[in-house]
Amino acid sequence: NNLALGRTLALFFPVMTLFTNLGLAVVIWLGGRLTILGTTTTGDFVAFISYLNLLAWPMMALGWVTNLIQRGSAAMRRINGILEEVPEITDRIAAPHKKKIRGQIGLSRLTYLYPNRKEHALQDITLTIRSGQTAALVGGVGSGKSTLLQAIPRLIETGRGMILIDGIPLHDIDLATLRGSIGFVTQEPYVFSDTIADNVTLGRRGAGRDTVNNALRIAQLRDEVESLPRGTQSIVGERGVTLSGGQRQRLTIARAIVANPPILILDDALSQVDTRTEAAILNGILRTREGRTTIIVSHRLTTIKRADIIYVLKEGLLVESGNHDMLLRTGGEYARLYQRQQLNEELLEVR
Ligand code: ADP
Ligand code: MG
């Protein structure tokens with residue numbers, strides 16, 4: 001369609017010019033004869049030609065404007081289609097809770113089944129994360145970690161079971177308040193084609209240069225950003241194409257640090273960052289989050305070790321919980337995962 005439009009537009013001006021000039025030729029031919037024969041005066045003839053010239057441009061502009069209006073209304077239709085879309089997940093009760101959230105999370109027999117699936121992604125999950133705790137979710141790929149985390153800010157609507165935040169049922173909390181209180185760094189970071197500083201603050205007022213630099217420092221991205229010619233004012237390409245996967249992940253971490261919400265969820269947010277940098281970032285984050293709830297998912301158990309409470313998922317079931325030492329002593333799934341990773345690391349060192 002764009003090629004066809006291009007062809008039409010390429011023809012537009014030449015054809016318009018051709019017709020106005022043909023018109024002029026006809027006027028000069030016929031009018032010239034009338035003037036020679038003395039039917040009209042030379043003055044009238046010249047005036048006629050000037051008027052014709054004055055008319056030509058407005059006529060062309062009319063066509064041009066019609067074209068612009070048509071294109072604009074087609075674009076408007078599409079934009080409205082998105083703006084008028086009614087969200088499936090909305091506030092359900094008339095007067096939802098809008099009070100400040102402290103960050104206690106309780107799941108009670110939470111069950112979730114994806115619409116097109118037979119196996120439950122989550123089954124009967126009951127757990128508690130106290131306000132201010134650092135909790136970790138551990139489990140293999142597809143064990144339900146992301147599904148569980150998405151249920152907390154109501155990105156998915158769970159059917160059976162309950163989620164309580166500060167003891168209040170999730171559906172009784174104002175959706176904007178709920179989501180405004182949760183920082184969620186996902187597996188796939190989203191970066192806007194804007195400056196690094198704006199990507200970090202996301203338009204938050206009052207977030208000055210110091211805030212941005214501090215967040216970048218904790219996210220271990222400061223040096224790399226400073227080595228760019230325009231520093232934090234560098235534009236990152238559409239969807240962050242000018243950044244590496246690890247840089248993109250660290251940029252979204254910096255964003256979460258600036259937001260510093262009562263609840264921070266890091267869902268495998270550092271998978272593309274090397275182990276040592278991941279440990280440094282987590283140390284920094286946990287220091288800034290003293291007294292605030294943080295949930296971490298990571299495949300590297302060395303970074304999970306420090307969590308106050310560790311929950312182990314397996315095929316949608318909660319199989320173990322406790323802190324690192326307790327779980328190692330139990331000698332279950334977690335201990336097995338941990339031993340395997342230790343062995344891997346030793347093998348890498350030998351090499
Ligand atoms: P994890 O984050 O632990 O790797 P997920 O929560 O992403 O696991 O997935 C749990 C299960 O749900 C998996 O079996 C996965 O295939 C399935 N699943 C995840 N997302 C979807 C989806 N959008 N539609 C259908 N099934 C899904
Ligand atoms: Mg996941």
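Look above for the structure.
We now turn to the structure provided with this report. (Residues numbered from 1 in each chain as written. Chains lettered and ligands numbered in written order. Predicted model: local features only at pLDDT ≥ 70, side-chain atom pairs only at ≥ 80, totals over all residues. Heavy atoms only, no water.)

Regarding the overall build of the chain
Okay, so step 1: Looking only at helices and strands, the chain has 12 helices and 10 strands in total.
Okay, so step 2: Whereas a compact globule of 351 residues would reach a radius of gyration of roughly 20 Å, the chain reaches 32 Å, over 25% beyond that.
Okay, so step 3: Across its three principal axes, the chain shows a C-alpha extent of roughly 115 × 50 × 40 Å.
Okay, so step 4: Here the chain, with 351 residues, has 40% of them falling under the buried criterion.
Okay, so step 5: A sequence separation of at least 24 residues applies to 69% of the contacts in the chain between residues at least 6 apart.
Okay, so step 6: For the chain, the centre of its 40 positive side-chain charges and the centre of its 32 negative side-chain charges are spaced 2 Å apart. (Helix = DSSP H or I, 4+ residues; strand = E, 2+ residues; numbered from the N terminus. Rg over C-alpha atoms; globule rule 2.2 N^0.38 Å. Buried < 20%, exposed > 50% of the residue type's maximum accessible area, 1.4 Å probe, protein only. Contact = heavy atoms within 4.5 Å. Lys, Arg positive; Asp, Glu negative; His and termini not counted. Charge placed at Lys NZ, Arg CZ, Asp CG, Glu CD.)

Structural notes on the environment of Ala 25
Okay, so step 1: Following the sequence through the fold, Ala 25 ends up in helix H1 (residues 2-37).
Okay, so step 2: You can call Ala 25 partly exposed: its relative accessible area is 42%.
Okay, so step 3: The sequence separation of Ala 25 and Gln 339 amounts to 314 residues, and the corresponding C-alpha distance is 93 Å.

Things to note about the packing of aromatic side chains
Okay, so step 1: On inspection of all chains with the given rule, the structure shows 6 aromatic pairs.
Okay, so step 2: When the centroid spacing of 5.0 Å and the interplanar angle of 90° are considered together, the rings of Tyr 112 and Tyr 114 count as edge-to-face.
Okay, so step 3: Relative accessible area serves as the criterion here: at 11%, Tyr 112 is assigned to the buried category.
Okay, so step 4: Ring geometry for Tyr 190 against Phe 192: centres 5.0 Å apart, planes inclined by 65°, an arrangement best described as edge-to-face.
Okay, so step 5: Look at Phe 192 and you get partly exposed, because its relative accessible area is 40%.
Okay, so step 6: Among the aromatic side chains, those forming a connected cluster through ring pairs are Phe 12, Phe 13 and Trp 64. (Phe/Tyr/Trp six-rings, centres within 6.5 Å; stacked < 30°, edge-to-face > 60°.)

Let's talk about the pairing of strand E8 (residues 293-297)
Okay, so step 1: Of all 5 residues in E8, 5 are buried, a share of seventy percent or more.
Okay, so step 2: Burial of the side chains of E8 extends over both faces: Thr 293, Ile 295 and Val 297 are buried on one face and Thr 294 and Ile 296 on the other.
Okay, so step 3: Examined bridge by bridge, strand E3 (residues 134-138) and E8 share 4 bridges and lie parallel to one another. Counted as the bridge partner of Ala 135 is Ile 295 from E8.
Okay, so step 4: Where strand E7 (residues 263-267) and E8 come together, 5 bridges link them in parallel fashion. Looking at E8, one finds that Asp 267 is bridged to Val 297.
Okay, so step 5: In the classification by handedness, the crossover that spans E7, the intervening helix H9 (residues 275-288) and the parallel E8 is right-handed. (Pairing = 2+ DSSP bridges. Right-handed = clockwise from strand over helix to strand, strands pointing away.)

Details of the coordination of the magnesium ion (ligand 2)
Okay, so step 1: For the magnesium ion (ligand 2), the full set of protein donor atoms is Ser 146 (OG) and Gln 187 (OE1), at a range of 2.0 to 2.8 Å. With a gap of 41 residues between them, Ser 146 in helix H3 (residues 145-151) and Gln 187 in the loop between strand E6 (182-185) and helix H5 (196-201) connect regions that are remote in the sequence.
Okay, so step 2: Given the relative accessible area of 36%, Gln 187 is considered partly exposed. (Donors = N, O, S within 2.8 Å, 3.2 Å for Na, K, Ca; no water.)

Let's talk about the site of ligand 1
Okay, so step 1: In the vicinity of ligand 1, the contacting residues are Tyr 114, Asn 116, Arg 117, Ala 121, Gly 140, Val 141, Gly 142, Ser 143, Gly 144, Lys 145, Ser 146 and Thr 147.
Okay, so step 2: The contact in question runs from an oxygen atom of ligand 1 to an N or O atom on the side chain of Arg 117, over 2.9 Å.
Okay, so step 3: In this structure, an oxygen atom belonging to ligand 1 sits 3.2 Å away from a main-chain N or O atom of Ser 143.
Okay, so step 4: Notes on ligand 1: free accessible area 560 Å², of which the protein chains cover 67%. (Near = heavy atom within 4 Å. Polar contact = N/O pair within 3.5 Å; in protein donor to acceptor, adjacent residues only side chain to side chain. Areas by Shrake-Rupley, 256 points an atom, 1.4 Å probe, with all protein chains shown as cover.)

Describing helix H8 (residues 245-259)
Two residues of an α-helix separated by three or four positions point the same way, owing to the 3.6 residues in each turn.
Okay, so step 1: For H8, which comprises 15 residues, the first-to-last C-alpha distance of 22 Å matches the rise-based estimate of 21 Å (1.5 Å per residue) to within 8%.
Okay, so step 2: Following H8 by one or two positions, Asn 260 adopts a phi angle in the positive range, close to 40°. (Expected span 1.5 Å × (residues − 1).)

Some points on helix H12 (residues 333-350)
Okay, so step 1: With 18 residues, H12 should reach 26 Å at 1.5 Å per residue; the first-to-last C-alpha distance of 26 Å fits that figure.
Okay, so step 2: Inspection of H12 places Glu 333, Tyr 334, Ala 335, Leu 337 and Tyr 338 among the buried residues, and these make up the whole buried set.

Points about the pairing of strand E1 (residues 105-112)
Okay, so step 1: Summarising burial for E1: 6 of the 8 residues are buried, a large majority.
Okay, so step 2: Pairing geometry for E1 and strand E2 (residues 122-129), over 5 bridges, is antiparallel. Residue pairing across strands places Tyr 112 opposite Leu 122, the latter belonging to E2.

Description of the sheet that holds E8
Okay, so step 1: Pairing is mixed in the open sheet, where 6 strands are placed in the order E6-E7-E8-E3-E9-E10. For this open sheet the edge positions go to E6 and strand E10 (317-322), each flanked by a neighbour on one side alone. Here the strands of the sheet are splayed against their neighbours by 15° on average, with no regard to which way each runs.
Okay, so step 2: In this sheet, E10 lies alongside strand E9 (residues 309-314) in antiparallel orientation, the contact comprising 5 bridges. Note on E10: the bridge partner recorded for Tyr 311 is Ser 321. (Axes fitted to C-alpha atoms, helices over the stretch in contact; angles between N-to-C directions.)

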